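A closer look at the structure
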Amino acid sequence: MAAARLTPNAVTATLAGDVNLKPVVQVVDLRSIAVTGPPGAGPRFRAIISDGVATTQALFAAQLCDLARSGLVRRGAIVQLLDYIVNDVRGRRAMVILNMEVLVPECEIIGNPVLPPESGVSISNSMRADQFNSAPGSTARSTLTTVTRSNENTPVIQRPMTGNPSNMIPRPSDNAQVFQPTVQPSYRPAPNYRNHGTIMKNDAPARIIPISALNPYQGRWAIKARVTAKGEIRRYHNTKGDGKVFSFDLLDSDGGEIRATCFNALVDRFYEAVEIGKVYVVSRGSLKPAKKDYNHLNSEWEIFLESQSTIELCPDENSSIPAMRFTFTSIDKIEDSENNAIVDVIGVVTSVNPSATIQRKNGMETQKRTITLKDMSGRSVEVTMWGDFCNREGLQLQEMVERGAFPVLAVKAGRVNDYSGKSVGTISSSQLLINSDLAEAHNLRQWFDCGGRDASSQSISRDFTPAASRNEIRKTVAQIKDDGLGMGDKPDWVTVKATVVFFKTDSFCYTACPNVIGDRQCSKKVTKSDSGNWLCDKCNQEFTECDYRYLLQLQIQDHTGTAWATAFQEPGEELLGCSARELYMFKENEDPRYTDVLLQGLYRQYLLRLKVKEETYGDERRVKNTVFKVERIDPSAESKFLLDHISRLTGSY
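Residues numbered from 1 in each chain as written. Predicted model: local features only at pLDDT ≥ 70, side-chain atom pairs only at ≥ 80, totals over all residues. Heavy atoms only, no water.

So, about the overall build of the protein chain. The helix and strand tally for the protein chain stands at 13 helices and 34 strands. Within the span of the protein chain, comprising 653 residues, buried residues form 46% of the whole. Across the protein chain, contacts joining residues at least 24 apart in sequence account for 63% of those joining residues at least 6 apart. Approximately 34300 Å² of the protein chain is accessible, and the part contributed by carbon and sulfur atoms is 49%. (Helix = DSSP H or I, 4+ residues; strand = E, 2+ residues; numbered from the N terminus. Buried < 20%, exposed > 50% of the residue type's maximum accessible area, 1.4 Å probe, protein only. Contact = heavy atoms within 4.5 Å. Areas by Shrake-Rupley, 256 points an atom, 1.4 Å probe, with all protein chains shown as cover.)

On to the pairing of strand β11 (residues 257–263), then. Across the 7 residues that make up β11, a large majority, 6, are buried. As judged from the 7 bridges shared by strand β10 (residues 241–251) and β11, these two strands associate in the antiparallel manner. In the sheet register, L251 faces β11, and the bridge partner there is E257. Sheet topology places β11 next to strand β14 (residues 301–304); 3 bridges connect them, and they run parallel. By the bridge assignment, R259 is partnered in β14 with E302. (Pairing = 2+ DSSP bridges.)

Right, let's get into the nonpolar core. Among the nonpolar cores identified, the biggest contains 42 residues, and V500, F503, L554, I556, L576, L583 and L610 are the most heavily contacted of them. Of the residues forming this core, the biggest block, 5 residues, is contributed by strand β23 (residues 492–503). Dropping the residues within four chain positions of it, L576 is found in contact with F503, Y550, L552, L583, V597 and L598. Counting residues in each nonpolar core, the second largest holds 34 residues, with V345, V348, V349 and V416 among its members. (Core = buried A, V, L, I, M, F, W, Y, C linked by side-chain atoms within 4.5 Å.)

What follows covers helix α8 (residues 439–449). Those residues of α8 that sit buried are A441, L444, W447 and F448. The buried residues of α8 all sit within an arc of 130 degrees when viewed along its axis, so they share a single face. Buried positions along α8 lie against β16 (342–352), β18 (365–374) and β20 (408–417). Positioned one or two residues after α8, G451 has a phi angle of 130 degrees, which is positive. (Arc of directions from axis to C-beta.)

Another aspect to go through is the packing of helix α11 (residues 580–588) against helix α12 (residues 593–600). Two elements in contact, α11 and α12, have axes whose closest approach is 8 Å; the angle formed by their N-to-C orientations is 130 degrees. The pairing of α11 with α12 is recorded here as oblique in orientation. Within the contact between the two elements, α11 uses L583, F586 and K587 and α12 uses R593, Y594, V597 and L598. Counted by class, the contact of α11 with α12 contains 5 nonpolar, no polar and 2 charged residues. (Axes fitted to C-alpha atoms, helices over the stretch in contact; angles between N-to-C directions. Parallel < 35°, antiparallel > 145°, perpendicular 65-115°, else oblique. Nonpolar A, V, L, I, M, F, W, Y, C, P; charged D, E, K, R; others polar.)

Our next topic: the pattern of salt bridges. Counting across every chain of the model gives 20 salt bridges. Across the pair R75 and D29 runs a salt bridge whose closest N-O atoms are separated by 3.2 Å. Placement of the pair is R75 in the loop between α2 (65–69) and β4 (78–89) and D29 in strand β1 (residues 24–33), with a sequence separation of 46 residues. Take R75: its relative accessible area is 30%, and that puts it in the partly exposed class. The closest approach of N and O atoms between K244 and D268, which form a salt bridge, is 2.6 Å. Of this pair, K244 sits in strand β10 while D268 sits in helix α4 (residues 265–270), and the two are 24 residues apart along the sequence. Taking the relative accessible area as the measure of exposure, K244 reaches 18% and is therefore buried. (Salt bridge = Lys/Arg side-chain N within 4 Å of Asp/Glu carboxyl O.)

Here the protein chain averages 79 in pLDDT, and 79% of its residues register 70 or above. A low-confidence stretch, residues 122–204 stays under pLDDT 50, and its non-local contacts, those more than four residues away or across chains, total 151 contacts. This stretch, residues 463–471, has a pLDDT under 50; its non-local contacts, to residues over four places away or in other chains, come to 30 contacts. (pLDDT = per-residue confidence, 0-100.)

Inspection of every chain in the model, using the stated rule, returns 12 aromatic pairs. Ring geometry for F263 and F304: centres 6.1 Å apart, planes at 5 degrees, overall stacked. Placement of F263 in strand β11 and of F304 in strand β14 is noted, with a sequence separation of 41 residues between them. On the accessibility criterion, F263 (33% relative accessible area) is partly exposed. Look at F406 and F448: their rings are 5.7 Å apart centre to centre, the planes differ by 55 degrees, and that puts the pair in the tilted class. In this pair, F406 is assigned in the loop between α7 (393–402) and β20 and F448 in helix α8, connecting sequence segments 42 residues apart. Both residues of the pair, F406 and F448, belong to the buried class. (Phe/Tyr/Trp six-rings, centres within 6.5 Å; stacked < 30°, edge-to-face > 60°.)

Right, let's get into the sheet that holds β23. An order of β23-β31-β32-β34-β33 is seen for the 5 strands of this closed barrel, with the pairing classed as mixed. Mean inter-strand twist for the sheet, computed between neighbouring axes without regard to direction, equals 60 degrees. Where strand β32 (residues 561–567) and strand β34 (residues 620–632) come together, 2 bridges link them in parallel fashion. Bridge pairing in β34 places T566 opposite T626.

Our focus in this paragraph is unusual backbone geometry. For N9, which is not a glycine, the phi torsion comes out positive at approximately 65 degrees. One can find N9 in the segment before α1 (10–15). At K22, a residue that is not glycine, the phi angle is positive and equals roughly 55 degrees. Tracing the chain through its elements places K22 in the loop between α1 and β1.

Now for a negative patch on the surface. A contiguous patch of negative charge on the surface is contributed by E570, E573, E574 and E582. Residue contributions to the negative patch peak at 3 residues, all from helix α10 (residues 569–576). You can see E573 is positioned in helix α10. (Patch = residues over 30% accessible without salt bridge, like charges linked within 9 Å, V, L, I, M, F, W, Y side chains within 5 Å. Lys, Arg positive; Asp, Glu negative; His and termini not counted. Charge placed at Lys NZ, Arg CZ, Asp CG, Glu CD.)

Have a look at this one:
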């Protein structure tokens, strides 16, 4: 049998709140208990663990129950506790073991552990603790243990008793470490702030713990945190009917962050009670894994508030909890960020576009406004504001820029978009701070006023110059096929420097719906009805006139080969210099300008931004190239691009 040494004073230290000890302990009793759970979940297991002197009860987390069912963990096993929490249960401290390692599957009882009186278990030893565990190299000797039961559920382990009965009293070890409790005391709200509407009294205050310590295996808990963001009420419809939801983000004094979400009746109960910047004690609620596609906070959990949940204001809270926590990413680093990444960014606002109303895919209208941020990295980025941000912070920024004041804007939790360059957009949990008191804001202000205003910067967003941006991926026509572009789950975006050598003229446009919804045209294909009007199936309306939009098939060529591509409305207008309606009328009226327009578009070299994706036509799969952006060659910018490319290839700067 391998040597076994238990961690001195382990039970006392863990119950006092030391969750980093990782002690070695012994299982002196183990039994299954019935719990309410899903069908087939099986029983849970409760153990009594010992450090050789003191004992405590411990519950195995669900993921550890297989160890007990398989017999790998049994009475007498020596284990190391790797992850655990301690809760108050009916006035007693109880441990929940989340992860452990089995060191010795079976061993004689070590020391003279004192069992909890409610356990119904008695233990006696045939050898003294100092005989068993006297030296690091000592080895446990196997002795016979007789197990009897006083009743069906109460095992009794009987062994010969030796030594003074006083050995049963826990004695502090000379080498034992002294641990200070790290658990915060229960929060008791001030009487003046109880029973105020939706912020309710917590009749039995739970122990306040850090956000980082939250996990689904805890019973009652409470956190004290500041609200750093509050989303709008969103309405939804599913198979259960209509509903509404809102979320808010919380930050505590240890830097832990977590999101809390309310549905339906809880929205009415808590939405007005929760205010950004104030500190609350939040208690009771279920914890579920955070969906990282939508939740950028550093906690792996998200709180879902329930009917018994409480949110209690802390009006006298000091400045121990910060107002907001930033992790800024410079704009040049955003250029390398993945799509949909959540970032904090700060920069000087150099331009603000007017707000516009657009229609979302779900048919709802919303506001959109774009601004440009510039920082010391030599890059600028387009930031898109959505919803209330446009008429709140957006309007304030517009007024400041129009009067010549270029404010510093800090964006908390913006989402990166990589469509045709990199941009940042607001989401429901985003926060915008104008001319804040942050050190980064003061540094930017000083830099901009002392020469940064006139410093050149390259945009990483949609208005970037493709020839000069290191964000673009340049390919030749032959590389589109040779590199297997477009064959994956997602399309590939590349820029090709090529010449247009042919246009298909038999069908270069289609009849489109002229109906305008919000600030966008429907543009779906329309057909003539029996009445002679144009019918749109999407809008379910008829129109006396239709619009014409490009669906232009063209052949492009560079020094490596040729390829077919498709250009829709805006790229088609850029290539031919006139609208699809005008060109259609030239063709219908046999106007010679029809031929002139087509000839003028040929044999010109362009930078073409292509979306390359494999599609299915009938039973055939082939790669389709779609032109999304057309730019004339700028000799100066193209020269800079080529020189930069040569420098990277040769390693010279």
